[in-house]
Protein chains: 2
Amino acid sequence: MAVSKKKIVLIGAGNVGHHLGHRFFEKGMSITQVFSRKITKARKLAKAINAEAINDLSLLQQNADLYIIAVHDDAIASVAAQVASILKDKLVVHTSGSAPSTLLKPFFKNYGCFYPLQTFSINKKVDFDQLPLCIYSPQKRNRTKLHHYASSICPNIFEINDHQKSVLHVAAVFTNNFSNHLFHIAKKITETEGISFDILKPLMLETVLKIQHNHPKDMQTGPAIRGDQKTIERHLKLIENNPDWVQLYKLLSEGIQKI
Amino acid sequence: MAVSKKKIVLIGAGNVGHHLGHRFFEKGMSITQVFSRKITKARKLAKAINAEAINDLSLLQQNADLYIIAVHDDAIASVAAQVASILKDKLVVHTSGSAPSTLLKPFFKNYGCFYPLQTFSINKKVDFDQLPLCIYSPQKRNRTKLHHYASSICPNIFEINDHQKSVLHVAAVFTNNFSNHLFHIAKKITETEGISFDILKPLMLETVLKIQHNHPKDMQTGPAIRGDQKTIERHLKLIENNPDWVQLYKLLSEGIQKI
């Protein structure tokens, strides 16, 4: 498949749409149209990647080869319903990490997922050479197509079915959402004492760098794994004003002691 | 103070002793003696940094300028007691993140802390140009001395008193120990489904890179912060076989929803 000649339409110009659009464009792929409910948002992205901007789904081009729905999880079904009659035979994918591909099944014959597993911020360039791009379609021919599109922008492609993706998404929540919350707590703890949170940043970075090549289990340190009950009690005393932190500290320490 | 002429004795040749010893040596400082209960361990480090190796505390050199006790937290007091009579007027510090400087008070006139805030592994080089080195002594003259020693090996020096250090240590536990445990859980979750943990590593790295220059609070994403109860319930169902994970998932999600 000469994927570079294929036309792609982006439905959604948020974080994921923005970064996917730019990446496809940089790799010489044709994004022909960008939809966003906010026309200024659609225009901003469309202009940067040489596409047409629309804010009305009835104006969708009907001759594209791939339609990527990159909207909030809870808007996917409603967007799909609105374009079902126009795109019923087209290949339509969504980029959600938590929704299954089958969310699109009532609306399209050819559907799938195109999920870049990364945390996106609009202002920070995403390294598509590093991130894993998870693709799936229940139909083999569509998986092959998606593989071609994916490989034009990313070297790390994983075929991940709906069940695997939902499991992966829970794991991603532990990895990203929950660790970020721990960092938030650490910031609160230090700042209450007038200590700069910056002092913890090298530790934070090293924690993650170490397990790029080691099992987290083997890298576990601290009072819990040492069974150092005296330190644990001193720590609990220091955070006793925040019962949520106390409960979390206890639960995580117990978890560590069971590994 | 011509700190490069000063003599330093290292009591302990574990992770911290190893890395401190190598760093002082690389920066042209004189480590004259290394103690470890295991003479092979003492010899290995001593040989690399051109020092004398001992495994008997009564053989400690008495003419050094700084004695660094880098042993496990629960061994500090006992080591200090054993060398108290020999070193009573000497400047003696420990490298613990959780013990206060005053742990050394019963034994020495001049005492303090010399705490590199980082997670150390014996086989991984430590970047002393990045880590924060926390120093403290209740005596101003000793703080000044420690500052000189510290600045010879590290550009980021923080004077952190005992109370601040204990608070910082709790925060470091949240930052490193607890996030590492979350990564361990994520690994378990993915591997149960035959998915490689490697797929999550770029996400892990990006999570931490993002908050080098942003507040964790502003970087929080995921179902909890979105109030996406449907996804939360689907996730809880997926991990229902592990009640500890369920409890942790709920507690962390509640915490995120309160920020």
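The rules behind each value
Residues numbered from 1 in each chain as written. Chains lettered and ligands numbered in written order. Predicted model: local features only at pLDDT ≥ 70, side-chain atom pairs only at ≥ 80, totals over all residues. Helix = DSSP H or I, 4+ residues; strand = E, 2+ residues; numbered from the N terminus. Contact = placed C-beta atoms within 7 Å. Pairing = 2+ DSSP bridges. Axes fitted to C-alpha atoms, helices over the stretch in contact; angles between N-to-C directions. Core = buried A, V, L, I, M, F, W, Y, C linked by C-beta atoms within 7 Å. Buried ≥ 20, exposed ≤ 12 C-beta atoms within 10 Å, placed from the backbone. Least-squares fit on C-alpha atoms with pLDDT ≥ 70 in both.

Draft legend 1. View of the overall build of chain A. A count of helical and extended segments in chain A gives ten helices and eight strands. Across its three principal directions, the C-alpha atoms of chain A cover 70 × 40 × 30 Å. Sequence-distant contacts, at least 24 apart, represent 52% of the contacts inside chain A between residues at least 6 apart.

Draft legend 2. Quick peek at the sheet that holds strand β6 (residues 110–116) of chain A. Residue and element names in this part refer to chain A. Across the sheet, eight strands lie side by side as β3-β2-β1-β4-β5-β6-β7-β8; this open sheet has mixed pairing. Each edge of the sheet is formed by a strand with only one pairing partner; in this case those strands are β3 (52–54) and β8 (157–159). Within the sheet, the average angular offset between the axes of one strand and its neighbour, ignoring direction, is 25°. Relative to β3, strand β2 (residues 30–35) runs parallel, the two being bridged by three bridges.

Draft legend 3. Expanded view of the sheet that holds strand β7 (residues 133–136) of chain B. Residue and element names in this part refer to chain B. Ordered by their spatial adjacency, eight strands build an open sheet running β3-β2-β1-β4-β5-β6-β7-β8, and the pairing between neighbours is mixed. Of all the strands in the sheet, the pair left with one neighbour each is β3 (52–54) and β8 (157–159). Pairwise comparison of adjacent strand axes, ignoring direction, gives a mean angle of 25° for this sheet. Against the sheet, helix α4 (residues 140–151) engages β4 (66–69), β5 (91–94), β6 (110–116), β7 and β8, with an angle of about 160° to β7.

Draft legend 4. Representation of the nonpolar core. Core analysis: the largest hydrophobic core is formed by 166 residues, its most contacted members being L10(A), I68(A), I69(A), L10(B), I68(B) and I69(B). Not counting chain neighbours up to four residues away, the residues in contact with I68(B) comprise I8(B), L10(B), I11(B), L20(B), V93(B), T95(B) and F114(B).

Draft legend 5. Inspection of the relation of the copies chain A and chain B at higher detail. Once chain A has been moved 0.0 Å along the axis and rotated by 180°, it coincides with chain B to within an RMSD of 0.0 Å. Overall, the copies show the geometry of a two-fold rotation axis. Nearest to the rotation axis, the C-alpha of S179(A) is located 2.6 Å from it, this being the minimum over chain A. A share of 100% of the interface residues of chain A reappears at the interface of chain B, consistent with the copies meeting face to face through the same patch.

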